[in-house]
Amino acid sequence: MRFMVIRRADKSTETGVKLCKKLFGAMTKYHEDGAKAGIVLDGVGLHPSSKGARVTITAGKPIVTDAPFTETKELIAGFTMIQAKSKEEAIAWVKGWPREDGDVQLEIRQLFEPEDVAALVTD
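Counting restarts for each chain, with residues numbered from 1 along the sequence as it is written. Local features in this predicted model are restricted to residues whose pLDDT is 70 or higher, and side-chain atom pairs enter the listing and the counts only when it is 80 or higher, whereas totals over whole chains, interfaces and linings include all residues. Side-chain descriptors were evaluated using all non-hydrogen atoms of the structure, hydrogens and water having been removed beforehand.

Student: What am I meant to see in the environment of Lys-85 here?
Tutor: Strands here are runs of E lasting at least two residues and helices are runs of H or I lasting at least four, both read from the DSSP assignment and numbered beginning at the N terminus. The residue Lys-85 is located in the loop between strand 5 (76–83) and helix 3 (87–94) in this model. When the C-alpha positions of Lys-85 and Glu-74 are compared, they lie 28 Å apart, and in sequence the two are 11 residues distant.

Student: Got a minute to help me understand the packing of aromatic side chains in this structure?
Tutor: Put simply, two rings from Phe, Tyr or Trp (the six-membered ring, in Trp's case) pair if the centres are within 6.5 Å, and we call them stacked under 30 degrees between planes, edge-to-face over 60, tilted for the rest. Applying the stated criterion to the full structure yields two aromatic pairs. Measuring from centroid to centroid gives 5.2 Å for Tyr-30 and Trp-97, while their planes differ by 65°, and the two rings are edge-to-face. Here Tyr-30, found in helix 2 (residues 21–36), pairs with Trp-97, found in the loop between helix 3 and strand 6 (106–110); they are 67 residues apart in sequence, far enough to count as distant. As far as burial versus exposure is concerned, Tyr-30 and Trp-97 are alike and both buried. Among the aromatic residues, those joined into a cluster by ring pairs are Tyr-30, Trp-93 and Trp-97. Summary of the burial criterion: residues with accessible area below 20% of their type's maximum are buried, those above 50% are exposed, and those between are partly exposed, where the area comes from a 1.4 Å probe applied to protein chains only.

Student: When you look at a nonpolar patch on the surface in this model, what are you seeing that I'm missing?
Tutor: Surface patches are drawn from residues lacking salt bridges whose relative accessible area is over 30%; two like charges belong together within 9 Å, two nonpolar side chains (Val, Leu, Ile, Met, Phe, Trp, Tyr) within 5 Å. Each accessible area is a Shrake-Rupley estimate made with a 1.4 Å probe; only the visible protein chains count as cover when residues are assessed. Note on definitions: salt bridges are taken to be side-chain nitrogens of Lys or Arg within 4 Å of carboxyl oxygens of Asp or Glu. A grouping of Phe-112, Val-117, Leu-120 and Val-121 is seen on the molecular surface, where their side chains present a nonpolar patch of about 420 Å² in accessible area. Inspection of the secondary structure puts Leu-120 in helix 4 (residues 114–120). Judged by relative accessible area, which is 54%, Leu-120 ranks as exposed.

Structure, rendered in structure tokens:
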């Protein structure tokens, strides 16, 4: 099973605060160790939302909202793709998130695999 670990945005990620070497090293090690263990498939950080935009489509009409966005609790700062045998194994791996990242909120979401999607398709 594949899971996306979503790192929620906070004030430091949204203001573009630079990573200290200690945190950068810890995150690099976490992802490299996970890749060696066959758990981590990919992982990236995102630029602050101030460099982005939102497109909302209502009744087929796209509406573009330029950043910045006021609600940081709804934003993500990055993600890591992992592969685990179960949700419990995914949670166990994520519990090892580098402490150097401080107080963070991480969300774990299972990805749909092709066979999952096929089961959802109806006439």
